[in-house]
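# Structure assessment
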Amino acid sequence: MRDFLVAGNWKMNGDFATNAELVAGIVAGVPDKDNVKLLICPPFPYLAAAAGGIEGSSVLLGAQTVSEHEAGAYTGEVAPGMLRDLGCEYVLVGHSERRALYGESSEDVASKFVAALSAGLKPILCVGETLDEREAGGTEVVINEQLAAVLAAVGVDGLQTAVIAYEPVWAIGTGRTASPEQAQEVHAMIRAVLAKQNSEVAEGIQILYGGSVKGDNAAGLFTMPDIDGGLIGGASLKAVDFLAIANAAAGI
Ligand code: PEP
């Protein structure tokens, strides 16, 4: 059985005081269930403070993106080793906002994935289709292409410590969630793609669903056999909302 991972992507939100309060609220309410892990991904400037805030708790720390380079003249970038230094265990790569707003191609995402792995970080590879792509019947093709770039770069064994997040772009921040059945279909497809190359990796990898997950729809999603938790945007910004989702996982 795979554990649940409930990850909060705070995006570019909060300030020193509100983020400290959010960390404290989450730490205070972690469900007492060994198979449910919580992960927070604050903005870069608050990672160090968050690392202090989660100390002594089971809450995990991650970042929202990372440079594909180890070090050097890359103004404004943050290296994977720096994230490790700050106490990060995870990093998101290929979030749809990075792909759409910052032009990250699947090859760029694969390079970041490689760099994250090399530094000992666990990459959370985000994949997902737009509404147009879904309506044109292209969901599988899009996700295969996003997966293929990473598989070409690291091979299936490179996914051993990784997590995948299926995030249909049309469900992110829109209040429109994929139904548990729609999400399950894609999660099973992702697992099947990996299983063709290595059934152990396919069985072991956590595949999270992301896209307008809330306390009241989380349980329906998390009871599906191939959904191993969630990547949460909006609802991760209030401890009570984030914990409601974590508690939904704990109740399964
Ligand atoms: C996200 O951006 O990863 C996300 C899932 O956002 P939201 O939960 O707000 O849809």
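The notes below deal with the structure included here. The model shown is predicted, which means the values in this text are computed figures rather than measured ones.

### Describing the nonpolar core
By size, the foremost hydrophobic cluster in this structure holds 68 residues, and its most contacted members are I40 and F222. It is helix 11 (residues 239-250) that provides the largest number of residues to this core, a total of eight residues. With near-sequence residues (within four places) excluded, F222 lies in contact with F4, V6, V213, I227, G229, G230, I245, A248, A249 and I252. Y90, I124, L208 and L231 belong to the second-largest nonpolar core, a separate cluster that totals 13 residues.

### With respect to the site of the ligand
Close to the ligand lie 14 residues, the nearest being K11, E167, G173, S212 and G233. Between the ligand and H95 there is a distance of 2.8 Å, counted from an oxygen atom to a side-chain nitrogen or oxygen. One of the backbone N or O atoms of G233 is found 2.8 Å from an oxygen atom in the ligand. Here the ligand loses 97% of its free accessible area of 290 Å² to cover by the protein chains. Across the shell around the ligand, the residue classes tally to four nonpolar, eight polar and two charged.

### Focus: unusual backbone geometry
Glycine aside, a negative phi is what most residues show, and trans is what most peptide bonds show. One non-glycine residue, K11, lies in positive phi territory at about 50°. With respect to the helices and strands, K11 occurs in the loop between strand 1 (4-9) and helix 1 (16-28).

### A word on the sheet that holds strand 7 (residues 206-210)
The strand order around the closed barrel built from eight strands is 1-2-3-4-5-6-7-8, with neighbouring strands paired in parallel fashion. Each adjacent strand pair in this sheet contributes to an overall mean axis angle of 25°, direction not counted. Here strand 6 (residues 163-166) runs beside strand 7; their pairing, made up of four bridges, is parallel. When the sheet's bridge partners are listed, Y166 is paired in strand 7 with Y209. Against the sheet, helix 2 (residues 47-54) contacts strand 2 (36-41) and strand 3 (60-63), and its axis sits at roughly 170° relative to strand 3. Packed on one face of the sheet, helix 11 meets strand 1, strand 2 and strand 8 (229-232) and runs near 155° to strand 2.

About the cut-offs
- Residues take numbers from 1 onward in each chain, read along the sequence in its written order.
- Where totals are concerned, whole chains, interfaces and linings use all residues; where local detail is concerned, this predicted model gives features only for residues with pLDDT of at least 70, and gives and counts side-chain atom pairs only at 80 or more.
- To get the side-chain values, all heavy atoms of the structure are used, and hydrogens and water are removed first.
- Here the nonpolar core consists of buried residues drawn from Ala, Val, Leu, Ile, Met, Phe, Trp, Tyr and Cys, with membership extended through side-chain atoms lying within 4.5 Å.
- Accessibility here uses a 1.4 Å probe with only protein chains present; expressed as a share of the type maximum, an area under 20% marks a residue as buried, one over 50% as exposed, and anything in between as partly exposed.
- The helix and strand labels rest on DSSP assignments: H or I over at least four residues marks a helix, E over at least two residues marks a strand, and numbering proceeds from the N terminus.
- By the convention used here, residues are in contact when the closest approach between their heavy atoms is within 4.5 Å.
- Whether a residue is near a molecule or strand depends on its heavy atoms: if one lies within 4 Å, it is near.
- Polar contact is defined as a pair of N or O atoms within 3.5 Å, subject to the rule that within protein one atom must be able to donate a hydrogen and the other to accept it, and that residues adjacent in sequence are counted only when both atoms are side-chain atoms.
- Methods summary: accessible areas were calculated by the Shrake-Rupley approach with a probe of 1.4 Å, and residue burial reflects only the protein chains presented.
- Under the grouping applied here, Gly and all other residues not named as nonpolar or charged are polar, the nonpolar ones being Ala, Val, Leu, Ile, Met, Phe, Trp, Tyr, Cys and Pro and the charged ones Asp, Glu, Lys and Arg.
- At least two DSSP bridges between two strands are needed for those strands to be called paired.
- Think of each axis as a best-fit line through the C-alpha atoms, taken over the contacting stretch in the case of a helix, with angles from 0 to 180 degrees between the N-to-C directions.

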